[in-house]
Amino acid sequence: VTTHQMDEAELLSDRVGIMSRGKLRCAGTSLFLKTRFASGYHLDLDLDAAAFTDDVDGKKLKNVCAKLAAAVRHHVPSATWRLAVGRLQAKRVHVFGIATAGASPSTTATTAAVAVADQVEDVRQYVSASGQAGFLLPLTETPHFADLFDELEQADVRARLGVIGYGVSLTTMEEVFRNLAEEEK
């Protein structure tokens, strides 16, 4: 089967070969290709969008983003923000805020809030209009995911972070293709 639809190739084939500029760039099972060439897992967080309806200057959103960054990086230090849907998701930006070993969660959140305020002009690029934010979680950090998910399952933590739900998915074959194309440049 020859196709430009990467999801179709993944569903119909046991092995996928990706060609770019007339050359075979890679071949293997979709899991092998995702492991080798993808960014990792996508963590999508559904935020309580009602909390931001009167947030004209973005301060509430900056505070929530700082708390999210601190909570995620506490367990997965190399996590990166994913730009909101419709805002060039392939581009990655490092999560701001550094969780200091032994620091209390409130200190970490405050540190992250200051870092976000200083380094991000408009955090709205990370949160969609529907209130969804996302992180890329590297494959190498998989052993730490359980602790992050355990924390996100706690109702009081979700309330503090403004998270009403979350989901995790493996990178798509389309992203594998884009990453390979980007490497070629």
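Bear in mind that the values here come from a model prediction, so they are computed numbers and not experimental data. (Residues numbered from 1 in each chain as written. Predicted model: local features only at pLDDT ≥ 70, side-chain atom pairs only at ≥ 80, totals over all residues. Heavy atoms only, no water.)

J.: How should I be thinking about a nonpolar patch on the surface in this particular structure?
T.: A cluster of nonpolar side chains, namely Val-1, Leu-11 and Leu-12, defines an oily patch on the protein surface of about 410 Å² accessible area. Within the secondary structure, Leu-12 is located in helix H1 (residues 6-12). (Patch = residues over 30% accessible without salt bridge, like charges linked within 9 Å, V, L, I, M, F, W, Y side chains within 5 Å. Areas by Shrake-Rupley, 256 points an atom, 1.4 Å probe, with all protein chains shown as cover. Salt bridge = Lys/Arg side-chain N within 4 Å of Asp/Glu carboxyl O. Helix = DSSP H or I, 4+ residues; strand = E, 2+ residues; numbered from the N terminus.)

J.: So what exactly am I meant to see when it comes to the packing of aromatic side chains here?
T.: Each aromatic ring pair is specified by the distance between its two centres and by the angle formed by the two planes. Tallied over the entire structure, the rule returns 4 aromatic pairs. Ring centres of Phe-145 and Phe-149 lie 6.0 Å apart, and the angle between their planes is 55°; on these two criteria the pair is classed as tilted. One end of the pair, Phe-145, and the other, Phe-149, are both in helix H5 (residues 145-152), 4 residues apart, so they sit about a helical turn from each other. The exposure class of Phe-145 is buried, given its relative accessible area of 6%. Where Phe-149 meets Tyr-166, the ring centres are 6.0 Å apart and the plane angle is 20°; that geometry is what we call stacked. Linking Phe-149 in helix H5 with Tyr-166 in strand E7 (residues 163-170), this pair joins segments that are 17 residues apart in sequence. In textbook terms, an aromatic cluster arises when at least three aromatic residues are bridged by ring pairs, as seen for Tyr-41, Phe-145, Phe-149 and Tyr-166. (Phe/Tyr/Trp six-rings, centres within 6.5 Å; stacked < 30°, edge-to-face > 60°. Buried < 20%, exposed > 50% of the residue type's maximum accessible area, 1.4 Å probe, protein only.)

J.: Before we go on, may I ask you to explain the nonpolar core in this structure?
T.: One broad rule of soluble globular proteins: the nonpolar side chains tend to lie buried together. Counting 23 residues, the largest nonpolar core has Leu-43, Leu-45, Leu-47, Leu-68, Phe-135 and Leu-137 as the members making the most contacts within it. Counting only elements with at least two residues in this core, the list comes to strand E3 (41-47), helix H3 (59-75), strand E6 (132-137), H5 and helix H6 (155-161). A total of 7 residues in this core trace back to one element, the largest contributor, which is H3. Each residue touching Leu-137, except ones within four places of it in the same chain, is listed here: Ser-39, Gly-40, Tyr-41, Leu-43, Val-72, Val-76, Ala-79, Phe-145 and Leu-148. With 11 residues, the next largest nonpolar core counts Ala-9, Leu-33, Phe-37 and Leu-180 among its residues. (Core = buried A, V, L, I, M, F, W, Y, C linked by side-chain atoms within 4.5 Å. Contact = heavy atoms within 4.5 Å.)

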